[in-house]
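Chain and residue survey
If you want the building blocks of each chain, they are given just below.
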Amino acid sequence: MQYIQDEELSKFEAKLLRTMQLTVDSRFEAGKRLKRLSKVGFITTTIISLGLILIPLLTVAGHNAVFSQFTLTSFQIFLAICVLVYSVATSTAKYELRSKDFYQCADEIKGICQKYQHEKIVCEQMEKNIDILSFEKLYRDALNGTESHEDIDYIRANKIRKEKKEKNAEIKLIEIIRNFSDSNMRNSKEKIVSFFMNYSAS
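Owing to the predicted nature of the structure, the values given are computational and were not obtained by experimental measurement. (Residues numbered from 1 in each chain as written. Predicted model: local features only at pLDDT ≥ 70, side-chain atom pairs only at ≥ 80, totals over all residues. Heavy atoms only, no water.)

Taken as a whole and judged by the stated rule, the model has three aromatic pairs. When the centroid spacing of 5.9 Å and the interplanar angle of 45° are considered together, the rings of Phe-28 and Tyr-103 count as tilted. Taken together, the positions of Phe-28 in helix 1 (residues 7–61) and Tyr-103 in helix 3 (residues 95–125) put the pair 75 residues apart, joining distant regions of the chain. Here Phe-75 and Phe-78 contribute two aromatic rings whose centre-to-centre distance is 6.4 Å and whose plane-to-plane angle is 25°, an arrangement assigned as stacked. Placement of the pair is Phe-75 and Phe-78 together in helix 2 (residues 69–93), with a separation of three residues, close to one helical turn. (Phe/Tyr/Trp six-rings, centres within 6.5 Å; stacked < 30°, edge-to-face > 60°. Helix = DSSP H or I, 4+ residues; strand = E, 2+ residues; numbered from the N terminus.)

The biggest cluster of nonpolar side chains holds 17 residues, and the ones touching the most others in it are Met-20, Ile-109, Tyr-116, Ile-130 and Tyr-139. Elements represented by at least two residues in this core include exactly helix 1, helix 3 and helix 4 (132–143). The greatest single-element share of this core, amounting to seven residues, is contributed by helix 3. Contact partners of Met-20, with chain neighbours within four places excluded, come to Ile-109, Ile-112, Cys-113 and Tyr-139. (Core = buried A, V, L, I, M, F, W, Y, C linked by side-chain atoms within 4.5 Å. Buried < 20%, exposed > 50% of the residue type's maximum accessible area, 1.4 Å probe, protein only. Contact = heavy atoms within 4.5 Å.)

The next point concerns the layout of surface pockets. When its volume is computed, the largest pocket comes out at roughly 290 Å³. As for the largest pocket, its lining consists of 13 residues, of which Asp-25, Ala-157, Ile-160, Arg-161 and Lys-162 are closest to the centre. Only helix 1 and helix 5 (151–201) provide two or more residues apiece to the lining of the largest pocket. The element that contributes the greatest number of residues to the lining of the largest pocket is helix 5, accounting for eight residues. (1 Å grid on protein atoms, 1.4 Å probe; cavity = no way out; pocket = protein on both sides within 12 Å on 5 of 7 lines; lining within 4 Å. Points joined across faces, edges and corners; volume = space filled by probe spheres on them.)

Below is the structure:
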């Protein structure tokens, strides 16, 4: 059987690989975002709880000369309600668990990308087409039953990806210029040495 790499097939393969890689980056960004929210929630709850402890201690120590006891009691009740509501909200959101799920999904799809790239090299060496539909199915199965990332995660992942691409392009351009300069310098040295050798011989 003759190996034929169809143009449309190549486009589909490139598009699927790019989609999977973007999904990996977006899932990682979603996981990091939820982890940050979890930390912010923990710090906020801790600070408010410390405030609830500090207010009566200052009153007992006699450092309260500004607010009345009624005002302080009302403020304590408000802080206590804030802690309760915020704790329930963060507990219901399950930031830590959702963050872990996003990371696991990203790792699974990343493994599929690596497997695809390895299989692609093998198939090209054997001059046969890769079974791209099987990889598409693996990708869909990895997404099945998982929470979708937000648009902000995709936008941030795409931005980081473009910045990395531009940075790599700059590094590659610098290397090309450096190699070109080194090559020209070597050629110049060779020409100078050749000139003096020819001059001495004459």
